[in-house]
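Listed below, chain by chain, are the residues.
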Amino acid sequence: MAITEGRPVTVVPFDPFELKDVVSGDIRDPYPRMHELRRQSPVHSGPIDLGDGAPPADPHRPPPITVLGFDEVVQVLRDNETYSSGIYEGVIGQVMGRTILQMDEPEHRIARAMVSPSFRSKVLAHWEESLVAVVVNELIDTFIDRGRADLVREVTFNFPAQVIAHILGLPRADYPSFQRWAIELTSVTANWERGMAASASLRDYFAGVMAERRVTPGDDLISELVRVEVDGTTLRDEEIYSFLRLLLPAGVETTYRATGNLLCALLRDRTQFEALFADRSLFPQAFEESLRWEPPVTVILRQATRDAELAGVTVGAGADVALLLGAANRDEDRYVDPDRYDMFRPARQHLGFGFGVHVCLGMHLARMESRIALNTLFDRLGPFALDPAAPAPHIEGLAFRSPLSLPVTFAAG
């Protein structure tokens, strides 16, 4: 694959948790409160408090709706005529541009068809050993002689950004900048100026790369985006900028959090760790259970286009609808002992990647990256374990959830 330098970028070393407080929050366990609310009703009307205070009610708008039940979340995600993704036009639209995230049908279907071929599992298969394994091995090389490491700071946060940079045909040397831009984009509601500056920086960076790819195309995603065509329609530059802005935080945030959550679950349950270490064919069920147990993104939004009723609750036209994927994935009416991570539980549909027409476009990439990362860690480090001299790890956050640290020890290289 051609690697292009593009516009020069100043590489700034980046602590992955420098901005975490404005992105994910510090709530350790929102699930007891979610269980309490769901037992009252799977759907609530009006502001609710999940642990960081209830937002003020707006008397000029219909009451906001919060959906916590599995069946009710699926019902909303199936009905994209009544429940619109256009709610993301506001803040997300301003910082990222118009993306498939906020499009409804049929616009969404057409735009998704243009970019989805690059994310099919067969297309991604050739990246497994030639890219993902190489990146993870290089990261492990930096600490394997120490006999201890923080797997979040030294592996899971770093490798997805490098992978995305390669898939886009960009230099991996720029990955600290990509990581910073990704976090700044997702924290735009906490710091508007910083988020918009990151958006502009990405546009400027990609503009130079796209101009070069039109002259000298390579074997990379940007080269494909500038020439893709569906039914005689091509993507405009602004559409490509918007998609790339969306891909960056989605590809970096989701994979690093999902991989960290899986590792956290395994490290805290030695029996399941050892079962997966001995039999790697168990990875699919181990990963899917981690997405059910601790999805990296716990809430998605919709807006009602007309008056409706959901589980007996009135939904007014124009109401904001918050779908709590984390609560739905622990619905006691669907899952036995839902708060327990159990990769051997009977397989059932979960909502860790969403559902319906907007199901996560990068889910195959996330699954592949996490599988290769875990296998490589197993192969290189052996049966690593939690560092007894370090504080026990925990997952925290509300809208985004993952461990801040995973200190482990192993036999030095």
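So, how was this worked out
- Residues numbered from 1 in each chain as written.
- Predicted model: local features only at pLDDT ≥ 70, side-chain atom pairs only at ≥ 80, totals over all residues.
- Heavy atoms only, no water.
- Axes fitted to C-alpha atoms, helices over the stretch in contact; angles between N-to-C directions.
- Helix = DSSP H or I, 4+ residues; strand = E, 2+ residues; numbered from the N terminus.
- Left-handed = near helix turned anticlockwise from the far one by under 90°.
- Contact = heavy atoms within 4.5 Å.
- Nonpolar A, V, L, I, M, F, W, Y, C, P; charged D, E, K, R; others polar.
- 1 Å grid on protein atoms, 1.4 Å probe; cavity = no way out; pocket = protein on both sides within 12 Å on 5 of 7 lines; lining within 4 Å.
- Points joined across faces, edges and corners; volume = space filled by probe spheres on them.
- Pairing = 2+ DSSP bridges.
- Buried < 20%, exposed > 50% of the residue type's maximum accessible area, 1.4 Å probe, protein only.
- Phe/Tyr/Trp six-rings, centres within 6.5 Å; stacked < 30°, edge-to-face > 60°.
- Salt bridge = Lys/Arg side-chain N within 4 Å of Asp/Glu carboxyl O.

Asker: What is the right way to look at the packing of helix α15 (residues 283-293) against helix α17 (residues 363-381) in this model?
Answerer: The angle between the axes and the distance between the axes are what describe a pair of packed helices. It is at 11 Å that the axes of α15 and α17 come closest, and there the two elements cross at 115°. Crossing handedness for the pair α15 and α17: right-handed. Here α15 contributes Phe283, Phe287 and Glu288 to the contact with α17, which in turn contributes Ala366, Arg367, Ser370, Arg371 and Leu374. Tallied by class, residues from the contact of α15 with α17 come to four nonpolar, one polar and three charged.

Asker: Any chance you could explain the layout of surface pockets here in plain terms?
Answerer: One way to see where empty space is left: roll a probe the size of a water molecule over the atoms. Counted as a void, the second largest pocket has a volume near 280 Å³. Taken together, 16 residues form the lining of the second largest pocket, with Glu289, Arg345, Pro346, Ala347 and Arg348 sitting closest to its centre. Of the residues contributing to the lining of the second largest pocket, the split by class is five nonpolar, two polar and nine charged.

Asker: Help me understand the sheet that holds strand β4 (residues 148-150), please; the structure alone is not making it clear to me.
Answerer: One open sheet accounts for three strands, arranged β4-β14-β11; its pairing is antiparallel. Edge positions in the sheet fall to β4 and β11 (385-386), since each has one partner strand and no second. Bridge count between β4 and strand β14 (residues 407-409): three bridges; the pairing is antiparallel. Across the sheet, residue Asp150 finds its bridge partner in β14, namely Pro407.

Asker: Explain helix α2 (residues 31-40) here, please?
Answerer: Counting along an α-helix, one turn takes 3.6 residues, and residues three or four places apart therefore face a common direction. Within the sequence span of α2, burial applies to Tyr31, Met34, His35, Leu37 and Arg38. Considering only its buried residues, α2 is in contact with β1 (43-45), α15, β10 (320-324) and α16 (325-328).

Asker: Would you explain the pairing of β10 in this entry?
Answerer: Two faces belong to every sheet, and in a regular strand the side chains alternate between them. In terms of residue burial, β10 counts as a mostly covered element, since four of its five residues are buried. Pairing geometry for strand β2 (residues 65-67) and β10, over three bridges, is parallel. Of the residues in β10, the one forming a bridge with Val67 is Leu323. Here five bridges tie strand β7 (residues 299-304) to β10, and the two strands are oriented antiparallel to one another. Bridged to Leu301 within β10 is Ala322.

Asker: Just checking my understanding: could you explain the packing of aromatic side chains for this structure?
Answerer: Given two aromatic rings, their pairing is described by the distance between the two centres and the angle made by the two planes. For the structure on display, the rule yields 12 aromatic pairs. Plain terms: the ring middles of Phe273 and Phe378 are 5.3 Å apart, the flat faces sit at 70° to each other, and that makes the pair edge-to-face. Here Phe378 lies in helix α17 and Phe273 lies in helix α14 (residues 270-278), a separation of 105 residues in the sequence. Across this residue pair, the class does not change: Phe273 and Phe378 are buried.

Asker: Looking at this structure, I do not really get unusual backbone geometry. What am I missing?
Answerer: A negative phi angle is the norm for most residues apart from glycine, just as the trans form is the norm for most peptide bonds. Each neighbour pair has its own omega, and for Glu105 with Pro106 the value is 0°, a cis peptide bond. Looking at the element boundaries, Pro106 is found in the loop between α4 (91-96) and α5 (107-115). With a phi angle near 50°, Ala311 is a residue other than glycine that sits in the positive phi range. For Ala311, a relative accessible area of 42% puts it in the partly exposed group.

Asker: Where do I start with the pattern of salt bridges in this structure?
Answerer: A side chain with one charge may pair with a side chain of the opposite charge, provided their charged atoms come close. Within this structure, the stated rule accounts for 26 salt bridges. Arg236 is paired through a salt bridge with Glu239; the nearest N and O atoms lie 3.5 Å apart. Across the pair Arg270 and Glu274 runs a salt bridge, and its minimum N-O distance is 3.9 Å. Of this pair, Arg270 and Glu274 both sit in helix α14, four residues apart, which is roughly one turn of the helix. Overall, Arg270 belongs to the partly exposed group, its relative accessible area being 28%. Overlapping salt bridges bring together Arg38, Arg39, Asp331 and Glu332 as one network.

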